[in-house]
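One-letter residues, chain by chain:
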Amino acid sequence: MTKAGSGKKLPLWITCAVWTFRILAGAVFIYSGFVKLIDLWGFIYKIEEYLSVWGFSVPRGVNLICALLLSTTEFVAGVMLLTGCYKRTSAWLLTLMMAVMLPLTAYIYIADPVSDCGCFGDAIILSNGATFLKNIVLTAMLLFLCRYNYRVKMHLFHPEVQWIPLVASCWFAIELGLTCYNVQPLIDFRQYPENSPLLSESTESSVEFIYTDGTETKSFTADNLPTDTVWKFVERIEPASTDTKGQFTVFDEDEDVTEDVILSEGQQFLLIIPELIRADVSYTYFINDLVRLCKKHNIDFIAIIATDPESIESWIDFSLADYPCYSADDTQLKELSRGNMSLVYLEDGIIRWKRTVSSFATNDIDKTEKEYGSRFPDHLVTDNGTRLVKMIRNYLLFLAGFALLQWIVIAISKQSKKKKKEENKTNKETNSPG
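Residues numbered from 1 in each chain as written. Predicted model: local features only at pLDDT ≥ 70, side-chain atom pairs only at ≥ 80, totals over all residues. Heavy atoms only, no water.

(A) Focus on the overall build of the protein. In terms of helices and strands, the protein carries twelve helices and ten strands. Out of the 434 residues belonging to the protein, those deemed buried represent 42%. For the protein, the proportion of contacts with a sequence separation of at least 24, taken over those separated by at least 6, is 74%. Split by element, the accessible area of the protein, about 23700 Å² in all, is 59% carbon and sulfur. (Helix = DSSP H or I, 4+ residues; strand = E, 2+ residues; numbered from the N terminus. Buried < 20%, exposed > 50% of the residue type's maximum accessible area, 1.4 Å probe, protein only. Contact = heavy atoms within 4.5 Å. Areas by Shrake-Rupley, 256 points an atom, 1.4 Å probe, with all protein chains shown as cover.)

Rendered as structure tokens:
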């Protein structure tokens, strides 16, 4: 039982409900903020999708700040709620957020202007109806916490020092978000993760050919068609339609050249530009130096740009591009790699790594060539999983270590006060008359 603010004990079921809602609601907001921070580019695209539906246009920099602040607020407020810090503030802040999100998701559910609200990024895609129901449940839990959360005094961090985990959580969230924005998401929830083939395998072998000999009907594949003239062709059955979202397609003007330009063998760099208007021309010198190095070591290099043939020609002339340039759908390019300009490195058609061009040290091509030679693409591979684990580990170790230190200090302080009280009592008894 926990004492209420009025001095009365709360019923046990309220205390249990408070802790249950703290954990559930806190975990949802922590996860929601975390996956948005992991893929800040995806959250920016979702914000821009909303704004375009409503006829607004906002500078990308403003959207970046909004995306970072919103995802950081979700994550940090979720941590504070779960750990019992800032009991009133965390509950009311998240309730105010839901006061905006609940009507918004109700509108999305009814009007269906976007396919999904993006509340969990690309990690979990919920239908608009499921999102609305989730927000109803979350709002109900938060309203309950607004009433009772501050009355359950149990917490992980003492109120006098709860600002320290607050600052640590903000630091972690901002560092995570900016790292993933400037390099690439440390967890890839999209269609083309690292160490996967860029192009899906052909399904030609699964095509069925139906033949009959007049009394019996059989199915054959392209590899074992009947040679006996008794068998007569009846029909061709294509494989069941699958999700085409992952079928990456490259065009040379109007011609599909995907299988010709995406190599299934050997090394290859792809320069990805999903929005040509946002491409930073200052990086063209670095790109051209990289192309020179690739040619020296027989590594293929192509650019894939989401634009029309005329704009591609303009890019070639303006950037002095000495490499082939093709076009593709902007959505597919944004799925493949984040950033205004990025590089994707393939080995035998397998995606080995991807990085934004801005994350490279653009002045060390000569140093790279001298140190690594033809192996230079390999030294750019980064273990994103290990990097993310280290960031999370350091954050959790700090919180756990600080909590432990805090309770040790509190225990020592209580013991010291108790000992001092006993000494005062002894002194009073010794000095009392008679």
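Read on, since the account is not over.
(B) Quick peek at unusual backbone geometry. Unusually for a residue other than glycine, Asp 112 sits at a positive phi of about 55 degrees. Within the fold, Asp 112 resides in the loop between helix H4 (87-111) and helix H5 (128-148). Phi at Asp 348 takes a positive value of approximately 55 degrees, unusual for a residue other than glycine. When you line up the elements, Asp 348 lands in the loop between strand S9 (342-347) and strand S10 (350-356). We classify Asp 348 as partly exposed; its relative accessible area is 48%.

(C) Structural view of the environment of Ser 282. Position of Ser 282 relative to the elements: it lies in the loop between strand S6 (267-273) and helix H8 (284-296). Classification of Ser 282 as partly exposed rests on a relative accessible area of 44%. On a C-alpha basis, the gap between Ser 282 and Ser 319 in space is 9.3 Å, while along the polypeptide they are 37 residues apart. A polar contact of 2.6 Å, which involves the side chain of Ser 282, links it to the side chain of Asp 280. (Polar contact = N/O pair within 3.5 Å; in protein donor to acceptor, adjacent residues only side chain to side chain.)

(D) Expanded view of a negative patch on the surface. Taken together, the side chains of Asp 252, Glu 253, Asp 254, Glu 255, Asp 256, Glu 259, Asp 260, Asp 308, Glu 310, Glu 313 and Asp 317 make up a negatively charged region of the molecular surface. At the level of elements, strand S5 (255-256), helix H7 (258-261) and helix H9 (309-319) are the ones that each hand at least two residues to the negative patch. No other element matches the three residues that H9 contributes to the negative patch. Counting through the fold element by element, Glu 310 comes out in helix H9. (Patch = residues over 30% accessible without salt bridge, like charges linked within 9 Å, V, L, I, M, F, W, Y side chains within 5 Å. Salt bridge = Lys/Arg side-chain N within 4 Å of Asp/Glu carboxyl O. Lys, Arg positive; Asp, Glu negative; His and termini not counted. Charge placed at Lys NZ, Arg CZ, Asp CG, Glu CD.)

(E) Looking closely at the sheet that holds strand S1 (residues 208-212). Strands sit in the order S2-S1-S3 across an open sheet of three strands; the sheet is antiparallel. For this open sheet the edge positions go to strand S2 (217-220) and strand S3 (232-237), each flanked by a neighbour on one side alone. The average undirected angle you get between the axes of adjacent strands in this sheet is 25 degrees. Both S1 and S2 contribute to a ladder of four bridges, which runs antiparallel. Considered in S2, the bridge of Thr 212 is made with Thr 217. (Pairing = 2+ DSSP bridges. Axes fitted to C-alpha atoms, helices over the stretch in contact; angles between N-to-C directions.)

(F) Spatial organisation of the nonpolar core. If you look at the biggest cluster of nonpolar residues, it comprises 41 residues, and the most contacted ones within it are Phe 34, Ile 38, Phe 75, Leu 176 and Leu 186. Those elements giving two or more residues to this core turn out to be helix H1 (12-38), helix H2 (40-53), helix H3 (60-83), H4, helix H6 (163-182) and helix H12 (384-431). Apart from the residues within four sequence positions on either side, Leu 186 is in contact with Ile 38, Leu 176, Cys 180, Asn 384, Arg 387, Leu 388 and Met 391. Residues Phe 269, Leu 271, Val 291 and Val 357 belong to the second largest nonpolar core, which totals 26 residues. (Core = buried A, V, L, I, M, F, W, Y, C linked by side-chain atoms within 4.5 Å.)

(G) Here's a closer look at the pattern of salt bridges. Taken as a whole and judged by the stated rule, the model has twelve salt bridges. Note that Arg 278 and Glu 275 form a salt bridge whose closest N and O atoms lie 3.5 Å from each other. A relative accessible area of 32% places Arg 278 in the partly exposed class. Among the residues examined, Glu 275 registers a relative accessible area of 16% and is labelled buried.

(H) Main features of the pairing of S6. Where burial is concerned, most of S6 is hidden: six out of the seven residues are buried. Of the strand pairs in this sheet, S6 and S9 are connected by six bridges, and their pairing is antiparallel. Each residue of the ladder has a partner; that of Ile 272, found in S9, is Ser 342. In the sheet, S6 pairs with strand S7 (residues 300-305) via six bridges, with the strands oriented parallel.

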